[in-house]
Amino acid sequence: LLKIKSGIIVITKTDIAEEDWVKLVSEEVRSFVKGTFLENAEIISVSSKTGENIELLKEKIHEVASGIQPKLTKGLFRLPIDRVFTLKGFGTVVTGTAISGSVSVDEAVDILPSAISTKIRGLHSHGKAIKTAYAGQRVAINVSGVEKESLQRGDVVVLPGRFSPTKIVDAKIELLKDSPVLKNKSLVHFHSGTAEIIARIILYDREELKPGEGCFCQMRLREPVISMSGDRYIIRRFSHVETIGGGEILDAHPSKRKKSE
């Protein structure tokens, strides 16, 4: 659903399991990922305690990472916040993965949809201070003059004046083959970036969407989100929460269309 193309399957804590049990788990995992991009992925059993296959895992991660197309560092900077905390002597720090563009120390940024304007005091990536953060990097941003309580997971750090929150998005949706039927105007959990928001789905040209099918739709969100055309998203059932589908954002600021339009 997120169009991830490659990966590795890792079974952990093998030091506390019998060899036969590890083999059984491997077979179950192989069955579980059948039909997905992980169908032919290598399965590696590891133990952090004994060090079993840890070096092998590092090598395999390096191999997979070497074949991934780097993200474009040009374009508008966006970093969905997944964690907020305070650090003694520094103040408020937000962390996340930069998904586009770049940003530097002392640069002005906005944090949306919380509508906060601030300045970057410092940047860290993997424990090291950096002057500029680029798309694809895991980044900690020390922001100036912002209280921890005014920020939350789901907020997005962006360059000033480039983005505006939206509560309606037009999208293409596809359901998983084993999902339940999705009826028009159903409530779902909508996941985009690090945000999770309740949304009502308006299906175009039909009253229900069957498992494995796709169509165009409009998501009407209870809370604002920061989104762009081309972003991927996931939806989960409103009750008995489980992933049922996802797709691509086509228009992040559409008009509130009727179903027949």
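Residues numbered from 1 in each chain as written. Predicted model: local features only at pLDDT ≥ 70, side-chain atom pairs only at ≥ 80, totals over all residues. Heavy atoms only, no water.

Chemist: Please clarify how the overall build of the chain should be interpreted in this entry.
Modeler: Helix and strand counts for the chain stand at two helices and 19 strands. Out of the 261 residues in the chain, the part that is buried amounts to 38%. When the accessible area of the chain is evaluated, it comes to approximately 15400 Å², of which 51% is carbon and sulfur surface. Distance from the positive charge centre (39 side chains) to the negative charge centre (33 side chains) of the chain: 6 Å. (Helix = DSSP H or I, 4+ residues; strand = E, 2+ residues; numbered from the N terminus. Buried < 20%, exposed > 50% of the residue type's maximum accessible area, 1.4 Å probe, protein only. Areas by Shrake-Rupley, 256 points an atom, 1.4 Å probe, with all protein chains shown as cover. Lys, Arg positive; Asp, Glu negative; His and termini not counted. Charge placed at Lys NZ, Arg CZ, Asp CG, Glu CD.)

Chemist: Explain unusual backbone geometry to me, please; I cannot follow it from the model alone.
Modeler: One can expect most non-glycine residues to show negative phi and most peptide bonds to be in trans. Cis rather than trans, the peptide bond between Leu112 and Pro113 has omega equal to 5°. Checked against the element boundaries, Pro113 lands in the loop between β6 (108-112) and β7 (116-125). Here the phi dihedral of Asn53 falls at roughly 60°; this positive angle occurs in a residue that is not glycine. Owing to a relative accessible area of 31%, Asn53 belongs among the partly exposed residues under this scheme.

Chemist: When you look at the pattern of salt bridges in this model, what are you seeing that I'm missing?
Modeler: A side chain with one charge can pair with a side chain of the opposite charge if their charged atoms come near. All chains considered together, the criterion is met by 13 salt bridges. With a shortest N-O distance of 3.4 Å, Glu55 and Lys58 are connected by a salt bridge. Here Glu55 pairs with Lys58, and both are found in helix α2 (residues 54-66), just three residues apart, close to one helical turn. Lys60 is the partner of Glu63 in a salt bridge, and the nearest nitrogen-oxygen pair spans 4.0 Å. Here the residue Glu63 and the residue Lys60 both occupy positions in helix α2, the gap between them amounting to three residues, near one helical turn. Several salt bridges converge on common partners, so that one network encompasses Lys3, Glu174, Arg232 and Glu248. (Salt bridge = Lys/Arg side-chain N within 4 Å of Asp/Glu carboxyl O.)

Chemist: Explain the side chain of Ser192 here, please?
Modeler: Tracing the sequence through the fold places Ser192 in strand β14 (residues 187-192). In this view, Ser192 contacts Val225, Ser227 and Arg232; residues no more than four positions away in its chain are not counted. (Contact = heavy atoms within 4.5 Å.)

Coordinates in, geometry out; function isn't part of it.
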